[in-house]
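# Residue-level structural notes
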Amino acid sequence: MTMTPYEIIVTSIATVNLVLTLSVMVGNRRKAGDQRVAELEKATAAALKRLENRLARVEAITERALTHDDLEKTNARIDELARVLHHLAGTVEQVNNSQRAILNKMMRTPNTGF
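Residues numbered from 1 in each chain as written. Predicted model: local features only at pLDDT ≥ 70, side-chain atom pairs only at ≥ 80, totals over all residues. Heavy atoms only, no water.

### Some details on the overall build of the chain
The condition that has to hold: Secondary structure elements follow DSSP: runs of H or I of four or more residues count as helices, runs of E of two or more count as strands, with numbering from the N terminus. In this description the radius of gyration comes from C-alpha coordinates, and the expected globular size is given by 2.2 Å times residues to the power 0.38. Areas reported here follow the Shrake-Rupley algorithm with a probe of radius 1.4 Å; residue values treat only the protein chains shown as occluding. Two residue types count as positive, namely Lys and Arg, and two as negative, namely Asp and Glu; His and chain ends fall outside the count. For charged residues, the charge sits on one atom: NZ in Lys, CZ in Arg, CG in Asp, CD in Glu.
Across its full length, the chain carries two helices and zero strands. Relative to the 2.2 N^0.38 estimate, which gives 13 Å for 114 residues, the radius of gyration of the chain is 48 Å and therefore markedly larger than a compact globule would have. Overall, the C-alpha framework of the chain stretches about 155 × 25 × 25 Å when taken along its three principal axes. Accessible surface, the chain as shown: approximately 11000 Å² in total, 63% of it carbon and sulfur. Seen as two clouds, the 16 positive and the 13 negative side-chain charges of the chain have centres 7 Å apart.

### A few points about the pattern of salt bridges
How we decide: Whenever Lys or Arg places a side-chain nitrogen within 4 Å of a carboxyl oxygen from Asp or Glu, that contact is recorded as a salt bridge. Burial classes follow relative accessibility: with a 1.4 Å probe on protein chains only, a residue under 20% of its type's maximum area counts as buried, one over 50% as exposed, and anything between as partly exposed.
Within this structure, the stated rule accounts for two salt bridges. One salt bridge in this structure joins lysine 49 and glutamate 52, with 4.0 Å as the shortest N-O distance. Residue lysine 49 and its partner glutamate 52 are both found in helix α1 (residues 5–64); the two are separated by three residues, about one turn of the helix. Note on lysine 49: relative accessible area 47%, which makes it partly exposed. Given the relative accessible area of 48%, glutamate 52 is considered partly exposed. Of the charged contacts in the structure, one is a salt bridge between glutamate 80 and arginine 77, with a shortest N-O distance of 3.3 Å. Taken together, the residues glutamate 80 and arginine 77, both in helix α2 (residues 68–108) and three residues apart, mark about one turn of the helix.

### So, the environment of threonine 74
With respect to the element layout, threonine 74 can be found in helix α2. Taking the relative accessible area as the measure of exposure, threonine 74 reaches 43% and is therefore partly exposed. Considered as a pair, threonine 74 and isoleucine 8 are 66 residues apart in the sequence and their alpha carbons are 97 Å apart.

### Considerations on the environment of isoleucine 61
The topology assignment puts isoleucine 61 in helix α1. Residues isoleucine 61 and lysine 105, 44 residues apart in the sequence, show an inter-C-alpha distance of 64 Å.

What follows is the structure, encoded as structure tokens:
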């Protein structure tokens, strides 16, 4: 069976149409893939920027945070204040005892004109 020129032309056009359709589909797939990659790159860049900002804020906070040395100094100062407070408490107790002794002596002795 031989093909007539009309059938050859129709078959050729159908083949060209198929090839063009397939090439357009492949092109569209590539374009869609490129578009998805571009969108993914944008989203990744935005997420990285947010993380960068967050990391910068955390670093700024940690620069102002207390260190072990700061806590040691604070603890030493608290110890020093505790020693001074203990001394002052003892001094106040001695003053109270002295005042009681003076008042007791004044109460026992007759009025001398004070």
